[in-house]
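Summary of the model geometry
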Amino acid sequence: MAEVLLSVRNLRVDLPGPGGPLPALRGIDFEIARGGTLGLVGESGSGKSMTALALMGLLPEGAKLSGSIRFEGRELVGLPESALCDLRGNRIAMTFQEPMTALNPVQPIGRQVAESMMLHRGFSRAVAEDEAVRLLDRVGLPDPRRRLASYPYQLSGGQRQRVMIALALGCAPALLIADEPTTALDATIQGQVLALLRELVEERGMALLLISHDLNAVAAAATDVAVMYGGAIVERGPATSVFRAPAHPYAKGLIAALPALEPERLAGAPRARLQAIPGSVPDLAGFGPGCTFADRCAWVIGACRAAPPPLVPVSPGHSAACIRLGDLS
Amino acid sequence: MTAPLLEVENLVRTFTLPREHLFRPPPVVNALRGVGFTITPGRSLGLVGESGSGKSTLARLAMALDRPTSGTVRLMGHDLFAQPAAKLRTLRRHMQMIFQDPYGSLDPRQKVARIVAEPLEALTGAPKAEREARVREALASVGLGDTALDRYPHEFSGGQRQRIATARALVTRPDLIVADEPVSALDVSVRAQVLNLLRDLQEKFSVTFLMISHDLAVVDYLCDDIVVLKDGLIVESGASAEILRRPQHPYTRELIAAATKRYS
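Just so it is clear, the model here is predicted, and its values are computed rather than measured. (Residues numbered from 1 in each chain as written. Chains lettered and ligands numbered in written order. Predicted model: local features only at pLDDT ≥ 70, side-chain atom pairs only at ≥ 80, totals over all residues. Heavy atoms only, no water.)

**Here's the deal with the overall build of chain B**
Summing up its helical and strand segments, chain B has nine helices and 10 strands in all. A globule of 264 residues ought to have a C-alpha radius of gyration of about 18 Å, and chain B, at 19 Å, matches this closely. Looking at chain B as a whole, 53% of its 264 residues are labelled buried. Sequence separation of at least 24 residues holds for 68% of the intrachain contacts in chain B that already meet a minimum separation of 6. (Helix = DSSP H or I, 4+ residues; strand = E, 2+ residues; numbered from the N terminus. Rg over C-alpha atoms; globule rule 2.2 N^0.38 Å. Buried < 20%, exposed > 50% of the residue type's maximum accessible area, 1.4 Å probe, protein only. Contact = heavy atoms within 4.5 Å.)

**Quick notes on the overall build of chain A**
Per the secondary structure count, chain A includes 14 helices and 12 strands. Against the 2.2 N^0.38 benchmark of 20 Å for 329 residues, chain A shows a C-alpha radius of gyration of 21 Å, consistent with a compact globule. Along the longest, intermediate and shortest principal axes, the C-alpha atoms of chain A span 65 × 55 × 45 Å. Looking at chain A as a whole, 52% of its 329 residues are labelled buried. Sequence separation of 24 or more characterises 63% of the internal contacts of chain A that already satisfy a separation of 6 or more.

**Considering the interface of chain A and chain B**
Contacts between the two partners involve 37 residues from chain A, matched on the other side by 37 residues from chain B. Contact between chain A and chain B buries roughly 3,500 Å² in total, counting both sides, with carbon and sulfur atoms accounting for 55%. Taken together, chain A and chain B are joined by three salt bridges. Salt-bridge contacts for A:Arg265 lead to B:Asp220; the nearest nitrogen and oxygen are separated by 2.6 Å. (Buried area = accessible area lost by both parts, 1.4 Å probe. Salt bridge = Lys/Arg side-chain N within 4 Å of Asp/Glu carboxyl O.)

**A short note on helix H4 (residues 109-121) of chain A**
Residues and elements named next belong to chain A. Between its first and last C-alpha atoms H4 spans 18 Å; for 13 residues at 1.5 Å apiece the expected length is 18 Å, and the two agree. Residues of H4 that are buried: Ile109, Gly110, Gln112, Val113, Ala114, Ser116 and Met117. Summarising the contacts, the buried residues of H4 are in contact with helix H5 (125-138), helix H6 (144-147) and helix H7 (157-169). (Expected span 1.5 Å × (residues − 1).)

**Some thoughts on the side chain of B:Ser213**
Position of B:Ser213 relative to the elements: it lies in strand E8 (residues 208-213). Leaving out residues up to four positions away in the same chain, B:Ser213 has contacts with B:Leu47, B:Val48, B:Gly49, B:Lys55, B:Glu181, B:Val218 and B:Val219.

**Thoughts on unusual backbone geometry**
All names here are of chain B. Of note in this structure, Asn10 is not a glycine but carries a positive phi near 45°. Here Asn10 is to be found in strand E1 (residues 6-16). On the basis of relative accessibility, which here comes to 54%, the residue Asn10 falls in the exposed class.

**Thoughts on the layout of surface pockets**
When its volume is computed, the largest pocket comes out at roughly 790 Å³. If you go around the largest pocket, you meet 39 residues; those closest to its centre are A:Leu185, A:Gln190, B:Ser184, B:His214 and B:Asp215. Secondary structure elements with two or more residues in the lining of the largest pocket: helix H8 (187-204) and helix H9 (215-221) of chain A together with helix H1 (55-62), helix H6 (188-205), E8, helix H7 (216-222) and helix H9 (250-259) of chain B. Looking at side-chain class alone, the lining of the largest pocket contains 19 nonpolar, 12 polar and eight charged residues. Contributing to the lining of the second largest pocket are 20 residues, with A:Gly89, A:Met94, A:Phe96, A:Ser116 and A:Leu167 lying nearest its centre. Elements that contribute at least two residues to the lining of the second largest pocket include exactly strand E6 (92-95), H4 and H7 of chain A. For the lining of the second largest pocket, the class distribution of residues is 12 nonpolar, six polar and two charged. (1 Å grid on protein atoms, 1.4 Å probe; cavity = no way out; pocket = protein on both sides within 12 Å on 5 of 7 lines; lining within 4 Å. Points joined across faces, edges and corners; volume = space filled by probe spheres on them. Nonpolar A, V, L, I, M, F, W, Y, C, P; charged D, E, K, R; others polar.)

**Considerations on the sheet that holds strand E11 (residues 312-315) of chain A**
Backbone-to-backbone hydrogen bonds join strands into a sheet, with any given pair of strands oriented parallel or antiparallel. Residue and element names in this part refer to chain A. Pairing is mixed in the open sheet, where eight strands are placed in the order E6-E7-E8-E3-E9-E10-E12-E11. Both edges of this open sheet fall to E6 and E11, since each of them pairs with a single strand only. For this sheet, the mean angle separating the axes of adjacent strands, direction not counted, is 20°. Relative to strand E7 (residues 175-179), E6 runs parallel, the two sharing four bridges. Counterpart to Ala93 in the pairing with E7 is Leu176. (Pairing = 2+ DSSP bridges. Axes fitted to C-alpha atoms, helices over the stretch in contact; angles between N-to-C directions.)

**Thoughts on the packing of H7(A) against H8(A)**
Residue and element names in this part refer to chain A. In contact at an axis separation of 10 Å, H7 and H8 are set at 15° when each is read in the N-to-C sense. One finds that H7 runs roughly parallel with respect to H8. As H7 runs across H8, the sense of the crossing is right-handed. Across from Gly158, Gln161, Arg162, Ile165 and Leu169 in H7, the residues of H8 making contact are Ile189, Gln192, Val193, Leu196, Leu197, Leu200 and Arg204. Its residues assigned to classes, the contact of H7 with H8 shows seven nonpolar, three polar and two charged. (Parallel < 35°, antiparallel > 145°, perpendicular 65-115°, else oblique. Left-handed = near helix turned anticlockwise from the far one by under 90°.)

**Points about the domain arrangement of chain A**
Residues and elements named next belong to chain A. Assigned domains within chain A: domain 1 (4-91 + 173-281) and domain 2 (101-170). Each of domain 1 and domain 2 has a C-alpha centre, and the two are 26 Å apart. Of the residues lining the interface, 19 residues belong to domain 1; the matching set on domain 2 comes to 11 residues. Across the domain 1 to domain 2 interface the summed buried area is about 1,200 Å²; carbon plus sulfur atoms make up 60%. When the area that domain 1 buries against domain 2 is broken down by residue, the three leading residues are Leu196, Leu200 and Arg204, summing to 32%. For the interface between domain 1 and domain 2, the tally reads two salt bridges. Ionic pairing is found between Glu199 and Arg138, a salt bridge with its closest N-O pair at 2.9 Å. (Domains from an automatic or database assignment.)

If you want it as structure tokens, here you go:
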């Protein structure tokens with residue numbers, strides 16, 4: 001059993017709303033081992049990005065954070081901003097969905113990649129630039145020495161995502177949070193970026209928190225998966241187990257609803273009709289006190305709406321938060 | 001042999017970019033470099049390709065929203081770029097479009113009744129009572145009731161907005177609907193609803209789609225034929241099942257790999 005790098009317990013985030021605080025995260029638990037990859041799957045409003053922001057100490061103004069985030073043995077909740085600043089970009093780094101808005105548009109990329117190493121690791125400009133070339137080469141940017149002077153707009157979307165990964169790797173973080181790293185990319189480029197992330201995890205012993213709404217992306221890169229809905233983790237476990245035998249009605253529904261080419265279809269079988277999940281994701285104020293999925297669930301009973309269901313084991317390491325698991329299978 | 005619905009022939013579209021250098025000619029982009037295909041009624045066609053491949057340029061040309069550098073587009077035998085403006089307007093009732101972004105494509109200041117009726121007002125001189133009946137019928141066919149009529153787009157979720165956009169496209173009872181990435185802006189759990197709706201409409205109203213997407217799985221779900229576009233050229237085309245089973249071009253194989261389920 002690998003050493004636990006990050007342990008999140010009963011993490012809650014409440015956002016200020018017109019009629020009182022709105023729960024954006026409803027007390028979630030997960031952990032990531034050193035060198036492990038956890039995929040956080042969910043759609044808009046599920047709380048996956050809020051989780052990343054809480055880990056980075058970058059929550060929006062007025063957000064209330066409670067619970068525990070233990071990282072490398074240190075409690076991050078309640079840590080002063082100056083201490084968080086030391087961790088951020090140094091031990092924990094993050095990449096964002098749209099690199100065009102996350103990178104500085106008026107600075108050459110070489111300077112942006114070198115800057116964080118000068119800041120956090122005390123490198124001189126020359127040393128930092130050499131290191132930047134090495135990193136850009138590692139993430140697969142062609143002709144990196146010449147590219148140091150390029151501006152973000154001169155690169156393609158895939159290249160920009162690679163630059164952002166290089167930037168995040170600059171300080172050899174123990175944890176990389178990749179928020180929707182493939183969403184803005186073409187289908188064929190997505191696979192290349194995921195393969196790169198997988199290789200980097202392997203060769204650096206870095207842990208990866210991969211956040212995505214794309215089940216295919218998570219299946220391609222993560223060893224463990226947590227499925228989120230409405231600010232709660234509804235199912236988690238080893239990726240193979242969760243994808244092969246989803247237990248929670250939402251996870252089951254999501255996997256059945258996704259248009260994807262099945263092996264049977266590739267062999268010439270006719271297209272099967274998609275199983276749609278009825279309804280749509282409500283906004284934060286629309287969730288009741290019980291199971292967040294209750295309003296869209298075909299198996300809902302009165303007790304589902306009364307209290308949040310606890311995560312119960314379904315197989316080794318795999319659990320789901322549903323009180324009707326026994327009746328589903 | 002049925003008459004073709006849409007014939008695209010040797011379509012070329014170049015865009016001239018702003019001059020970068022005072023003494024050099026301005027750079028040009030060849031968005032389409034000679035593209036041709038035919039859609040017959042009842043056989044929806046899917047156009048796949050990465051960003052920059054020319055998909056959206058082609059959609060705009062097929063809808064006569066833009067003029068090609070050379071080449072022709074014929075809708076039910078009529079050359080779209082050789083029609084006087086009045087004739088083009090009457091042809092437009094046969095073709096409608098659904099856009100990618102259900103947030104940006106509906107006027108936020110107009111009620112749903114007016115949004116859905118808009119193509120009718122622009123295209124036909126139908127009396128008010130008939131127009132209203134057509135709007136109700138179109139909304140009902142996408143699963144929205146009369147209560148939607150007096151509401152504004154912001155009161156609806158993304159999936160419902162895409163239903164409103166679909167109702168607007170259906171209201172003229174078109175033969176061809178051009179759908180540009182109709183589900184890519186929607187939540188994953190809602191996509192299946194909209195894809196199933198589009199599939200039902202194919203059967204119920206015998207609408208044929210020209211469907212544009214970067215996702216081969218989405219295109220395959222609704223289309224009988226597939227055209228793969230890369231750098232403004234068609235690299236592969238044929239029946240969907242055949243292309244999936246025996247892809248010829250390496251780029252098509254990459255697209256298939258990207259859209260194939262990695263789990264189950």
